[in-house]
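Structural overview
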Amino acid sequence: MSATYDAPDRRNLLDHMRQGVIGKPLDRPEGPLKVTGRAPYAAEYDLPRCAEGVLVGARVSNGRVTAIHRDEVSAMPGVLGVFADPAMLRRPAQGGAGKAPAQDVTQVDYKGQPVALVVAETFEQATAAAKALRIDYEDSSDSAHFDPDAAGVEPPKKPTDLGDLEAAMRDAPHHVDLIFRTEGHASAAMEPHAAIAAWDGGELTLHGSFQMVAYNVPELAASLGVDPARVRIVSPYVGGGFGSKLGISHDAVAAAVAARELGRPVRVVLTRQQVFESVIRRSETRQRLRLACDETGRLVGLGHEARVSNLPDEKFAEPVTQATKFLYAGDNRRLAVQVTRVARLTAGSVRAPGEAVGMQALEAAMDELAETAGIDPIALRKRNLPDKAPGEGIPFSSRTLVEALDRGAAAFGWDRRHARPCQTREGEWWIGMGVASAARVNMLAPAEARVRLHPDGRVEVESDQTDIGTGSYAILGQIAAEMLGSPIDRVTVALGDSRLPPGAGSGGSFGAASTGSAVLRACEAIRAELSSRLGVAAEELTLQDGLARGGNRSDTLVGLLGGDMLEETGRIEPGRTGKDYSQATYGAFFCEVAVNAFTAETRIRRMTGAFGFGRVLNAKTARSQCLGGMVWGIGSALTEALQFDLRDGHLVNHDLAGYHVPVHRDVPALDVILLEERDAVASPLQAKGVGELGICGAAGAVANAIYNACGVRPYRFPMTPDTLLDQMPDPF
Amino acid sequence: MREFTYSRAASLDQALGTHARPIAGATNLVDLMKLEVETPDALIDITRLDLSRIERAGDGVRIGALVPNADCAADPLIRRHWPVLSSAILAGASPQLRNKATTGGNLCQRTRCGYFTDLSTCCNKRTPGSGCDALKGVNHNHAILGTSDACIATYPGDMAVALAALDACVQIQGPDGMRQVPLREFHRLPGTAEAPDNVLQPGEIITAVTLPAPPPGRQIYRKVRERSSYAFALVSIAAVIKVESGLISHARLAFGGLAHKPWHDPAVEAALIGQPPGQAVFQRAADILLKDARGFGGNNFKIPLTRRTLAAVLIEATRD
Ligand SMILES: Cc1cc2nc3c(=O)[nH]c(=O)nc-3n(C[C@H](O)[C@H](O)[C@H](O)COP(=O)(O)OP(=O)(O)OC[C@H]3O[C@@H](n4cnc5c(N)ncnc54)[C@H](O)[C@@H]3O)c2cc1C
Ligand code: SF4
């Protein structure tokens, strides 16, 4: 079988299996290890003679290091060395780069950029020396920009320009033309970026915290100038990534450089502040939304133009309009993303890059258009679902948006919403409801996985696929158990080690469907062997609880194996299905908020999300992904904002006390509806990705609920009291 | 973190008159030491001293300096007679922190200005004479009252705001004896910023906070914040208000998040006393409170926010 996925696999294999574990809400097999502290995270390996490294951040915002006063700290207790090797990273690698990112730490691109590593016997000694280390700079901050509003913009790359948007806006009976702003976000993963590097001759083993091991190995090898075959990355447990661990960051290369020099293992753990200041941010955005519709609510014009920022030379531009491209109809279209260059830390992938911030603005604009045109907001959305992807003319693979809107509305009690704002007041609180669509592009990524069926019926699944807290261990085991008719407790899954076959990694929500497809294919090959041993056609083979049946034959699995171990490697590569169809996951959010009439504080009272993302591989881990996404949505709606000093680009709220992720009290009980769906175009599992869908549009539902509550249209996210206060109606 | 010596005081006398910094719950001091914002070369652990009791004192109460915030908030006597104190404590930090944090340490917690805790910036409070990066920087949660050109930081705590409304007294033991400082005079305005946060002298220990008899009226603590928990106040108000025969007969008000100390302005209370509760009276109280208020860009919103929050609190306090 070709690895490339060119034609939809409509056999629907998993639905014909008998083990009955696929889709079940099984617990994660590694859960007990994690909650009892026995799952080792990157920094938690005890290697003999391991030295401790602490990075030092630049005090200037732009310029060059002219001197490092090593001599002043070299005699401090325990100090082993001060490193500013040309290999060390100035910026982290972008997701999927697979090559070295910007190196040479004598150049300073942003304040807080690591410029040196101090290594000592203990962490405290290294920290003390790092704090004491004096560094001289040539400061060229004057020539840098720090305020995205003040810097110039580059022309957009690959804008969409169809028809005549200006004319449509002019001629249509209803239109809105709105500017939204969103603030920068941090991934804010619980586990900080950390690495322990150990060389054995010319072989490097690096314990790290990564999302995409198969790409991180070449990134690390290229940065160090060594053969990738001599670099091993071990990353079995990852305490969250959310985009920030897609590529390697400062810690990995610095640890490897120092370990090579010192001839002993070196551990480098970024402080919480360093994670915030030097890894990855989501860009702030300024978005102009133009929507025009006819009397019946049919969109005739759709404009979504965004300005985002990044460091000079970075190719990544927050793809704000990604879902706008295919979600709604409208013949006259203009979509564009423009980049402005500012000296702030690298902008890259953070939690659903693009849709997370683009969808909230689009969905808030749709709500305003619905009101302007006097049309129910759900009806407006349904009326504008295109038959084919606009501009591309290709069909959609599967799309559950209507079902999500309908089922979500029924479960939420949307019929109790007042169409006009300011209709419900409970004491000091205005109460309102809002709706928004969810949409996120779906991708398949190259992946390999190995499956072994042991003579005693035990199953082993292996891949360098990571589990960043999402449930990869659980679902890969379930796929193998289902396909091979094995009880789930007879299946073990090994992940996150570059010695294992290269999985897709955890990014863009593609890990489960891609690496899962590789597991499925490996199992298919094993089933082919088993069916020939039983003497039946592959389609006739039934495997369940260690028994094989087919036609009028049956045998135990162990008997069929006859002492042999069967081992197969499955592969999947994206192919024509990815080009011939528009693939995305869809859903809907419903939200009830209370807005304080006096203080403009907003509290979420209830939230329902209905999501369709192909086959549900594990109802528990999928639901958890949706819950997590909705919590992100609440964060970007109400609290999360990176605050940069506009004079030097430095991040002021660089820790979890200052950067407000939602706490329990911000998150009411969330209701998640999983819509069962089979999308054979997306993958041989008929599954799509679910990791990011729950955030894509969620803050739009909150914005619309705020308007419905108190009559104030929010145009700035997060919608903190200061952004609403001056518009609030008289509270008395 | 710099190296320091650590000793544990077995008696109050051992803790007095030394240059060693007292350390209690350690939830603030150690964080700042890790950042090297605080660099004491000696610590004296006072947690074994007998200062952990809440006792009746006449009609009032004496709260030991080492009473954990959690215990104080849960104490039946406090909840019954001084509920505003209990609510204020519960509005702060998290359960874990409140278990460790102490009465004395809470009073002495330092500002949350983002520049103060970042050694790469200019901060007069941290390094006198270096300048104040917050003045023209990110000052979203900075002060609007009692500021100076040298510093616009706030005192961030909640408990002390309630204590200011209740007219508490801080008992301070020094090598030369005990002194009592009204809580409203314990914290200082920034002035030149070199001035310390409060009137505590090196070598002194807070032993207790005392409250006089509970003031008459309804007690309310209201904290406005972006995140609904585990966030410092944008503005907070502690209020004790009594209405008799349609007129406000007693009023005690203190404000958090607005200044470098819990803000107490007798003129605001005077504007309410003897008046019938109502919008116009509440607005006038806000006018008096805010007449010298000044925003610095990012925190301008605090002026209308305070006005509106005060109205909400007064409505609630004077409702039948
Ligand atoms: C993440 C976070 C969130 C928080 N949120 C809030 C909040 O919302 N509201 C709020 O009010 N607070 C909040 N806090 C602050 C918390 O209340 C304080 O850290 C705590 O009250 C300090 O008490 P402690 O006993 O731990 O003090 P320590 O850290 O031990 O000491 C603090 C200071 O007080 C001095 N000191 C302590 N005891 C005495 C004494 N008896 N005599 C003289 N000096 C003394 C010490 O020398 C030191 O300077 C938060 C803290 C954190 C870390
Ligand atoms: S406001 Fe005060 S604490 Fe903040 S930077 Fe200025 S001087 Fe320092």
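Residues numbered from 1 in each chain as written. Chains lettered and ligands numbered in written order. Predicted model: local features only at pLDDT ≥ 70, side-chain atom pairs only at ≥ 80, totals over all residues. Heavy atoms only, no water.

Some details on the overall build of chain B
The secondary structure content of chain B amounts to 11 helices and 11 strands. Against the compact-globule benchmark of 20 Å for 320 residues, chain B has a radius of gyration of 19 Å, which places it among compact chains. Across its three principal axes, chain B shows a C-alpha extent of roughly 60 × 50 × 35 Å. Counting only residues that meet the buried cut, chain B has 56% of its 320 residues in that class. (Helix = DSSP H or I, 4+ residues; strand = E, 2+ residues; numbered from the N terminus. Rg over C-alpha atoms; globule rule 2.2 N^0.38 Å. Buried < 20%, exposed > 50% of the residue type's maximum accessible area, 1.4 Å probe, protein only.)

Concerning the interface of chain B and chain A
By convention, interface size is frequently given as the accessible area that disappears when the constituent parts associate. In this assembly, 37 residues from chain B lie in contact with 39 residues from chain A. For the pairing of chain B and chain A, the buried interface totals around 3100 Å² over both sides, and the portion due to carbon and sulfur atoms is 56%. Our enumeration of links across chain B and chain A arrives at one salt bridge. Across the salt bridge formed by Glu428 of chain A and Arg222 of chain B, the nearest N and O atoms sit 2.7 Å from each other. At the boundary of chain B with chain A, the tally comes to 16 residue pairs in polar contact (both at pLDDT 80 or more). The element contributing the most residues to the side of chain B that touches chain A is helix α11 (residues 302-318) of chain B, with eight residues. (Contact = heavy atoms within 4.5 Å. Buried area = accessible area lost by both parts, 1.4 Å probe. Salt bridge = Lys/Arg side-chain N within 4 Å of Asp/Glu carboxyl O. Polar contact = N/O pair within 3.5 Å; in protein donor to acceptor, adjacent residues only side chain to side chain.)

Considerations on the domain arrangement of chain A
Residue and element names in this part refer to chain A. Domain annotation of chain A identifies domain 1 (4-38 + 445-574), domain 2 (42-142 + 190-277) and domain 3 (356-388 + 397-443 + 582-727). The gap between the C-alpha centroids of domain 1 and domain 2 is 37 Å. Listed by partner, the interface residues are 22 residues for domain 1 and 19 residues for domain 2. For the domain 1 and domain 2 pair, buried surface summed over both sides reaches about 1400 Å², with 51% attributable to carbon and sulfur atoms. On inspection of domain 1 and its partner domain 2, the count reaches one salt bridge. (Domains from an automatic or database assignment.)

Overview of helix α13 (residues 511-534) of chain A
Residues and elements named next belong to chain A. Between its terminal C-alpha atoms α13 stretches 34 Å, which fits the 34 Å expected from 24 residues at 1.5 Å a residue. Taking burial as the measure, the 24 residues of α13 include 18 buried ones, the bulk of the element. Once α13 ends, the next one or two residues include Gly535, with phi positive near 85°. (Expected span 1.5 Å × (residues − 1).)

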